[in-house]
Amino acid sequence: MRALLIEDDPLLGDGIKTALERESYAVDWFMLGREAISAIGSESFSVIILDLGLPDMDGIQVLHLLRQQSTVPILILTARDAMEDRIGGLDAGADDYVLKPFNLQELLARLRVVMRRAEGRASQLLTLGALSIDEARHAVSWRGKDVKLGRREYALLLELARHPDRVLSRPRLENLLYGWGDEVESNAVEVHIHHLRKKLEKHLIINVRGIGYRLDSQAQ
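Predicted, not measured: the structure shown is a model, and the values here were computed from it.

What counts as what
- All residue numbers refer to positions counted from 1 along the written sequence of the respective chain.
- With pLDDT at 70 or above as the cut-off, local features in this predicted model cover only qualifying residues; side-chain atom pairs require 80 or more to be listed or tallied, and sums for whole chains, interfaces and linings still use all residues.
- To obtain the side-chain values, all non-hydrogen atoms of the structure were included, while hydrogens and water were left out.
- Helix and strand definitions follow DSSP, with helices as H or I runs of at least four residues and strands as E runs of at least two, each counted in order from the N terminus.
- The size measure is the radius of gyration over C-alpha atoms, and the globule rule it meets is 2.2 Å times the number of residues to the 0.38 power.
- Pairs of residues are marked as contacts when any of their non-hydrogen atoms sit within 4.5 Å.
- All accessible-area figures derive from a Shrake-Rupley calculation using a 1.4 Å probe, and residue coverage is judged against the displayed protein chains alone.
- Criterion used throughout: strands pair if DSSP finds at least two bridges between them.
- Interaxial angles span 0 to 180 degrees and are taken between N-to-C directions of axes, which are lines fitted to C-alpha atoms, for helices over the stretch in contact.
- Only protein chains enter the accessibility calculation, which uses a 1.4 Å probe; a residue is then buried when its area is under 20% of its type maximum, exposed when over 50%, and partly exposed in between.
- Definition used in this section: a nonpolar core is a set of buried Ala, Val, Leu, Ile, Met, Phe, Trp, Tyr and Cys residues joined via side-chain atoms within 4.5 Å.
- UniProt positions are given in the numbering used here, feature names are shortened, and annotations may be inferred rather than shown by experiment.

### Some details on the overall build of the protein
Okay, step 1: Counting secondary structure elements, the protein contains eight helices and twelve strands.
Okay, step 2: Computed over the C-alpha atoms, the radius of gyration of the protein is 18 Å, within 12% of the 17 Å expected from 2.2 N^0.38 for a compact globule of 220 residues.
Okay, step 3: Along the first, second and third principal axes, the C-alpha set of the protein runs to 50 × 35 × 30 Å.
Okay, step 4: Of the contacts formed within the protein by residues at least 6 apart in sequence, a portion of 58% connects residues at least 24 apart.
Okay, step 5: Summing over all exposed atoms, the protein offers an accessible surface of approximately 10600 Å²; the carbon and sulfur share of this is 48%.

Right, dumping it as structure tokens:
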């Protein structure tokens, strides 16, 4: 899961970034709207968190430009609490609206909701064959037994589970696991897949040679 964070307050931005990384997100954090618009044109993200009070551009203008390039869920963060501001943000293409100050746990819950909604799911529990993932608790079970995963192992498994039986390329998975500035080994995805197969079941994640990986939704 890769998040694009657009927030010009250093303390708040650092706090959000830290909280997201603890929840297995890779985070690209920008303080300027123009930087974020450039990033959305060249990278793939799972969700966008947008502050409206940016120093270089109006947040609603940034929202319009982001929406022209992407259908990724967008959650607005702002201190603007007037009803017309909230309506304007939602009408401009935002999926949700969180007022500052806010509780980080609520922010994380709202992010899960907008991403589930984008996937057409209502439940936080994702069940495929013998695999079960509880997104709210970051809990994974296989054949009824809990499985402990590392942060990137969990993020990789969740991305595959969100697109069952669909082949996801190695570059795409790598892009979602690592943000800008992260050092990425050439075989990073393969290493995480290897660990997942050892902890779960080898046949759960299938290697489609030369293309990528897919999760077997019927695996038992």
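### Focus on the sheet that holds strand 6 (residues 125-128)
Okay, step 1: With respect to topology, four strands assemble into an open sheet ordered 6-7-8-9, the strand pairing being antiparallel. Lying at the two open borders of the sheet, with one neighbouring strand each, are strand 6 and strand 9 (145-147). Ignoring strand direction, the axes of neighbouring strands in this sheet form an average angle of 25 degrees.
Okay, step 2: As defined by bridge partners, strand 6 adjoins strand 7 (residues 131-134) across four bridges and the pair is classed as antiparallel. Bridge pairing in strand 7 places L126 opposite I133.
Okay, step 3: Relative to strand 7, helix 6 (residues 151-162) is tilted by about 110 degrees, and along the sheet it contacts strand 6, strand 7 and strand 8 (139-142).

### Some remarks on the pairing of strand 8
Okay, step 1: Residues A139 and S141 of strand 8 are buried on one face, and the alternating residues V140 and W142, pointing to the opposite face, are buried as well.
Okay, step 2: Pairing of strand 7 with strand 8 involves four bridges; the strand directions are antiparallel. The partner of L131 across the bridge, within strand 8, is W142.
Okay, step 3: Counted between consecutive antiparallel strands, the loop separating strand 7 from strand 8 contains four residues, among which H138 sits at a positive phi close to 55 degrees.
Okay, step 4: Here strand 8 folds back onto strand 9, and the loop between the two strands holds two residues, one of which, R143, carries a positive phi near 55 degrees.

### As for the nonpolar core
Okay, step 1: In this structure, L20, Y25, L111, I133 and L160 are the most contacted members of the largest nonpolar core, which totals 47 residues.
Okay, step 2: At seven residues, helix 6 tops the list of elements feeding residues into this core.
Okay, step 3: Not counting residues up to four positions away in its chain, the partners in contact with L160 are L168, L173, I193, I205, Y213, R214 and L215.
Okay, step 4: In this structure, I37, L50, L52 and I60 belong to the second largest nonpolar core, which totals 23 residues.

### A few points about the UniProt feature "domain: Response regulatory" (unreviewed entry) in the protein
Okay, step 1: Mapped onto the present numbering, the UniProt feature "domain: Response regulatory" (unreviewed entry) falls on residues 2-115.
Okay, step 2: When the span residues 2-115 is considered, its composition is 46% helix and 21% strand, and the gap between its end C-alpha atoms is 12 Å.

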